Amino acid sequence: MEEKLRRVTLWLKRIFGDQPIPQYEVNSRTVDILYELMECNETRDRDVTLVIDDMKQKAAEYESEVNYLQDLLMESVNLSFNSLSSAGTSYLNALVDSAMALETKDTSLASFIPAINDLTSDLHATESRNREMELELTSLRKKLTAALVLEKHLQEDLKKTEEHLAMEKAKADSRTQNMKFLKDKSEDFKFRIKAAEEQLSASGMDPSLTHQSLVSLSEKLTELKQQTVPLKKKLESYLDLTPNPSLARVKIEEAKRELNALEAEFSSKVDMMALSVPEPSKRRFT
């Protein structure tokens, strides 16, 4: 730790120079942190020094090459850079800028042509990729438009469905209430019928006048009427034959008497029931 503290102290003196070193708590942790900072700083300084030396060396090489080229121009064509006109200097600078942009090793035509060809190939490849991307973008736009239209239609269908469901729910609620009302009404009618039957039984009324008996008689009457239908059709088939008026009239009169008797019996029983049954006490319906 003492060696680290000594090196850290020297490094801080070198950093701050004539200025006083800020006070800090001297312990193993702070010394280790400052020692790591010192090593990082010295490493960075060495790297910067190497970069500066490299740049100085390259600058010297470039300067030497410039001097060589200037001497070559003077010896070959007796032309110096200082003797160039403003236009010539501008052309020369443009040539140098082009060479730097194309990253050629020199400004010779042999270096420019391949570089320009490579740049042209890159341009064609980029334009081809741009066209492909434009096609893909157009396709994506069409798909997006179709998706938006579909989404709009789905939203409209969803809205219509929700409205239809609301209407159907209202109808279902109404039907449920009606069914409940009819069920309660049916129970009330059953109660009244039962009370009426009990009153009829207590008054000694003929059982044949009960509702069930009347329903049975009505069904029997309906059945007899239905049985007369094929008899009428059968009778129509004999109309073209030479009739026996007396026999036909007898049969017709017998059928009429039987039908009239059944209707009279049914009507009389209904009238008797209506006269003999007092109005039952009504149960309040809620």
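Residues numbered from 1 in each chain as written. Predicted model: local features only at pLDDT ≥ 70, side-chain atom pairs only at ≥ 80, totals over all residues. Heavy atoms only, no water.

Notes on the overall build of the protein chain
Worth spelling out the cut-off: Each helix is a run of DSSP H or I of at least 4 residues and each strand a run of E of at least 2, with the numbering of both proceeding from the N terminus. Type-normalised accessible area, obtained with a 1.4 Å probe on protein chains alone, sets the label of each residue: buried when under 20%, exposed when over 50%, and partly exposed for intermediate values. Note on contacts: a residue pair qualifies if any of its non-hydrogen atoms lie within 4.5 Å across the two residues. Surface accessibility follows the Shrake-Rupley procedure with a 1.4 Å probe radius. Residue values consider only the protein chains on display as shielding.
A count of helices and strands for the protein chain gives six helices and zero strands. Shown N-terminal to C-terminal, the secondary structure of the protein chain runs as helices and strands in the order α-α-α-α-α-α. Looking at the protein chain as a whole, 9% of its 286 residues are labelled buried. Considering only contacts within the protein chain whose residues lie at least 6 apart along the sequence, 58% involve residues at least 24 apart. A total accessible area of about 24,100 Å² is found for the protein chain, and carbon and sulfur atoms account for 59% of it.

Description of the nonpolar core
To be explicit about the condition: We define a nonpolar core as any set of buried Ala, Val, Leu, Ile, Met, Phe, Trp, Tyr and Cys residues linked to one another through side-chain atoms lying within 4.5 Å.
Core analysis: the biggest nonpolar cluster contains six residues, these being Val8, Trp11, Leu12, Leu34, Tyr35 and Met38. Those elements that provide at least two residues to this core are α1 (2-16) and α2 (28-77). Not counting residues within four places of it along the chain, the set of residues in contact with Leu12 comprises Gly17, Ile21 and Tyr24.

Comments concerning the confidence of the model for the protein chain
The cut-off we apply is this: Predictor confidence is given residue by residue as pLDDT, running from a minimum of 0 to a maximum of 100.
Per-chain confidence: the protein chain averages 79 in pLDDT, with 80% of residues scoring 70 or above. In the model of the protein chain, helix α6 (residues 245-276) stands out as the element of lowest mean pLDDT, 72, in contrast to helix α4 (residues 109-202), which has the highest, 89. For the stretch residues 279-286, pLDDT sits under 50, and the model shows 11 contacts to residues farther than four places along the chain or on other chains.

Concerning a nonpolar patch on the surface
Put simply, the test is: Only residues whose relative accessible area exceeds 30% and that take part in no salt bridge are eligible for patches, with like-charged residues grouped when within 9 Å of each other and nonpolar side chains (Val, Leu, Ile, Met, Phe, Trp, Tyr) grouped when within 5 Å. Only one rule defines a salt bridge in this text: a Lys or Arg side-chain nitrogen within 4 Å of an Asp or Glu carboxyl oxygen.
A contiguous nonpolar surface patch, about 320 Å² in accessible area, is contributed by Leu92, Leu95, Val96 and Met100. Along the polypeptide, Met100 turns up in helix α3 (residues 86-102).

A look at the packing of aromatic side chains
Going by this rule: Each aromatic pair joins two rings of Phe, Tyr and Trp (for Trp, the six-membered one) with centres within 6.5 Å, and gets the label stacked for planes under 30 degrees apart, edge-to-face for over 60, and tilted for any other angle. Charge-over-ring contacts are defined here by two conditions on Lys NZ or Arg CZ: a distance within 6 Å of the ring centre and an angle within 35 degrees of the ring normal.
All told, the structure shown has zero aromatic pairs when counted by the stated rule. Cation over ring: Lys4 sits above Tyr35, and NZ or CZ is 5.3 Å from the ring centre.

Here's the deal with the pattern of salt bridges
For the structure on display, the rule yields eight salt bridges. The shortest N-O distance in the salt bridge between Glu42 and Arg14 comes to 3.6 Å. Here Arg14 lies in helix α1 and Glu42 lies in helix α2, a separation of 28 residues in the sequence. Connected through salt bridges with shared partners, the residues Arg7, Arg14 and Glu42 form a single ionic network.

Here's the deal with α1
Inclusion rule: One less than the number of residues in a helix, times 1.5 Å, gives the span that helix is expected to have. Note: the arc covers the axis-to-C-beta directions of the helix.
For α1, built from 15 residues, the straight-helix expectation of 21 Å at 1.5 Å per residue is met to within 8% by its first-to-last C-alpha distance of 21 Å. The complete set of buried residues in α1 reads Val8, Trp11 and Leu12. Viewed end-on, α1 has its buried residues packed into an arc of 100°, placing them on one side of the element. Facing away from the buried side of α1, by more than 90 degrees, are the exposed residues Glu2 and Arg14. Looking at the residues trailing α1, positive phi occurs at Gly17, about 65°.

Quick notes on the side chain of Asn41
Note on placement: Asn41 falls in helix α2. Residue Asn41 is classed as buried on the basis of its relative accessible area of 14%. Beyond its immediate chain neighbours, meaning those up to four positions away, Asn41 contacts Trp11 and Ile15.

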